[in-house]
Amino acid sequence: MLQSYPMTPLSLKEFEKFRDLIYQHTSLFFTEKKKAFLESKLWQRMEVLDLFSYEAYYQLLKEEKASSKELSALIETLVIPETSFFRIRGHFLELERSIFPKLLTQRSQESWSLPLPQKSQIRIWSVACSTGEEPYSIAMSLLEVLGDPALWNIEILATDISNSALAKAQRGIYSKDKVKKVESRYVDKYFKDLGGKEYQIADEVRQWIRFQYLNLKDLDKFHSASYDLIFCRNVLIYFDRKAQDLLMERVTNLLLPGGYLFLGDAEPLHTFPQIARQFEFIEIEDAMIYRKK
Ligand SMILES: C[S@@+](CC[C@H](N)C(=O)[O-])C[C@H]1O[C@@H](n2cnc3c(N)ncnc32)[C@H](O)[C@@H]1O
């Protein structure tokens, strides 16, 4: 950044051009209420590039789209990475109380009925994992009920569009502030104190998790086996209805029959009636979980 200029207001027409470009690339949809937010984020990137015309910046994004370097940098500033350990407590209570114990029993029975018994497999997907608190919480809840990890083949895929969030997730180091609300039974076992200010996730929690870049806009190109559990929480809210429908259809197609779907509080499944028909609703204290029939 060479020089700072006062921010030029973004016209409605310019806003719509950027909004459409971002939507086309990510499914993230900015309503007009978010115009000031988008304007400030665009300007932030333009200052870095020393470029002070929205039109010139728009052209750069359009031209660069193939390599999408600047588009990725802009998107990093637009996504909301808000998350926390054991977010929506009821989901994790139910996992430990009922879902994991049942799934573990079922899987070990299946594997022992094979001619040559093998390690039982469980596959879980955290669809928009942000900085990693969600997949790490899932792994901790699983460890609480698993017994001997050596008998299991566990895979937790954790994906996100934000490379900086994924890098933080991969590091697995969190501030004291982030960890202070976590119950001590987890902290004592699964967090390593790095001198009072930071904590590192223990290796036994990290071992199963694979962090990977995935733009949900490109989910049709994502070839994957099916999952026992899918966490698609607090990401649908940033998409428009059309993109939400498409995402829900694709995500639920990747869930095994009898598998469980976890959504954010503001993303109830009954708002997708076609898909809701394929699920049983499990109501627990402060949350809802959906089981594929
Ligand atoms: C609010 S966080 C939710 C994190 C976590 N699932 C939770 O509930 O705590 C939303 C995440 O969605 C990701 N995201 C937004 N658009 C995306 C897209 N098109 N593809 C993949 N991830 C996306 C963001 O980068 C962000 O990390």
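Residues numbered from 1 in each chain as written. Predicted model: local features only at pLDDT ≥ 70, side-chain atom pairs only at ≥ 80, totals over all residues. Heavy atoms only, no water.

1. Comments concerning the overall build of the protein chain
Thinking step 1. From N to C terminus, the protein chain includes twelve helices and ten strands.
Thinking step 2. Rg of the C-alpha trace for the protein chain: 21 Å, near the compact-globule value of 19 Å for 293 residues, within the 12% margin.
Thinking step 3. Seen through its principal axes, the protein chain has C-alpha atoms that stretch 65 × 50 × 40 Å.
Thinking step 4. Burial status across the protein chain gives 49% buried among its 293 residues.
Thinking step 5. For the protein chain, the share of sequence-separated contacts (at least 6 apart) that also reach a separation of at least 24 residues comes to 72%.
Thinking step 6. In the structure as shown, the protein chain presents an accessible area of about 14,700 Å², 52% of it carried by carbon and sulfur atoms.
Thinking step 7. Across the protein chain, the mean location of the 40 positive side-chain charges is 1 Å away from that of the 41 negative side-chain charges. (Helix = DSSP H or I, 4+ residues; strand = E, 2+ residues; numbered from the N terminus. Rg over C-alpha atoms; globule rule 2.2 N^0.38 Å. Buried < 20%, exposed > 50% of the residue type's maximum accessible area, 1.4 Å probe, protein only. Contact = heavy atoms within 4.5 Å. Areas by Shrake-Rupley, 256 points an atom, 1.4 Å probe, with all protein chains shown as cover. Lys, Arg positive; Asp, Glu negative; His and termini not counted. Charge placed at Lys NZ, Arg CZ, Asp CG, Glu CD.)

2. Focus on the domain arrangement of the protein chain
Thinking step 1. Each domain of the protein chain was delimited in the assignment, giving domain 1 (12-78) and domain 2 (89-173 + 204-292).
Thinking step 2. For domain 1 and domain 2, the distance between their C-alpha centres works out to 31 Å.
Thinking step 3. In this complex, domain 1 contributes nine residues to the contact, which on the side of domain 2 involves eleven residues.
Thinking step 4. It is Y23, S27 and E76 in domain 1 that bury the most area against domain 2; as a group they hold 49% of the surface buried on that side.
Thinking step 5. For the pair domain 1 and domain 2, the number of links is zero salt bridges.
Thinking step 6. Put simply, the parts of the chain that give the side of domain 1 that touches domain 2 at least two residues each are α1 (12-26) and α4 (69-78). (Domains from an automatic or database assignment. Buried area = accessible area lost by both parts, 1.4 Å probe. Salt bridge = Lys/Arg side-chain N within 4 Å of Asp/Glu carboxyl O.)

3. Observations regarding the packing of aromatic side chains
Thinking step 1. The final tally for this structure, using the stated rule, is 19 aromatic pairs.
Thinking step 2. Ring plane angle 85 degrees and centroid distance 5.7 Å describe the contact between Y23 and F29, whose orientation is recorded as edge-to-face.
Thinking step 3. In this structure F29 comes out as partly exposed when scored by relative accessible area, which is 32%.
Thinking step 4. Measuring from centroid to centroid gives 5.7 Å for W43 and Y54, while their planes differ by 55 degrees, and the two rings are tilted. Taken as a pair, W43 in helix α2 (residues 35-49) and Y54 in helix α3 (residues 54-64) lie far apart in primary sequence, eleven residues in all. Each of the two residues, W43 as well as Y54, counts as buried.
Thinking step 5. For the cation-ring pair, K34 lies above F37, with the distance from its terminal atom to the ring centre recorded as 5.8 Å.
Thinking step 6. It is R123 that lies over the ring of Y227; its NZ or CZ is 4.6 Å from the centre. (Phe/Tyr/Trp six-rings, centres within 6.5 Å; stacked < 30°, edge-to-face > 60°. Lys NZ or Arg CZ within 6 Å of the ring centre and 35° of its normal.)

4. Describing the pattern of salt bridges
When the charged atoms of two side chains with opposite charge come close together, those side chains can pair.
Thinking step 1. The tally for this structure, following the rule as stated, stands at 20 salt bridges.
Thinking step 2. Note that E82 is salt-bridged to R87, the shortest N-O span being 3.8 Å.
Thinking step 3. Each of R89, E96, E144, E183, R185 and K189 takes part in salt bridges that share partners, so that together they form one network.

5. With respect to the nonpolar core
Thinking step 1. Membership of the largest hydrophobic core comes to 50 residues, with the highest contact counts inside it found for F18, L42, W125, I230, L261 and L269.
Thinking step 2. When residues of this core are traced back to their parent elements, those giving at least two are α1, α2, α3, α4, β7 (227-232), α11 (241-253), β8 (255-263) and α12 (273-276).
Thinking step 3. Sort the elements by how many residues they give to this core and α1 lands first, with five residues.
Thinking step 4. Counting the residues that make up this core, at least three belong to each of domain 1 (12-78) and domain 2 (89-173 + 204-292).
Thinking step 5. Filtering out sequence-adjacent residues up to four positions away, L269 remains in contact with M248, L261, L263, I275, A276, F279, F281 and Y290.
Thinking step 6. Of all hydrophobic cores here, the second largest spans 46 residues; its members include F86, L103, Y136 and I201. (Core = buried A, V, L, I, M, F, W, Y, C linked by side-chain atoms within 4.5 Å.)

6. Comments concerning the site of the ligand
Thinking step 1. Surrounding the ligand, one finds 21 residues, the nearest of these being T83, R87, A128, D160 and N234.
Thinking step 2. Contact between the ligand and T26: a nitrogen atom at 2.9 Å from a main-chain N or O atom of the residue.
Thinking step 3. Between the ligand and D160, the relevant distance is 2.6 Å, taken from an oxygen atom to a side-chain nitrogen or oxygen of the residue.
Thinking step 4. Here the residues of the shell around the ligand are counted per class, giving ten nonpolar, six polar and five charged. (Near = heavy atom within 4 Å. Polar contact = N/O pair within 3.5 Å; in protein donor to acceptor, adjacent residues only side chain to side chain. Nonpolar A, V, L, I, M, F, W, Y, C, P; charged D, E, K, R; others polar.)

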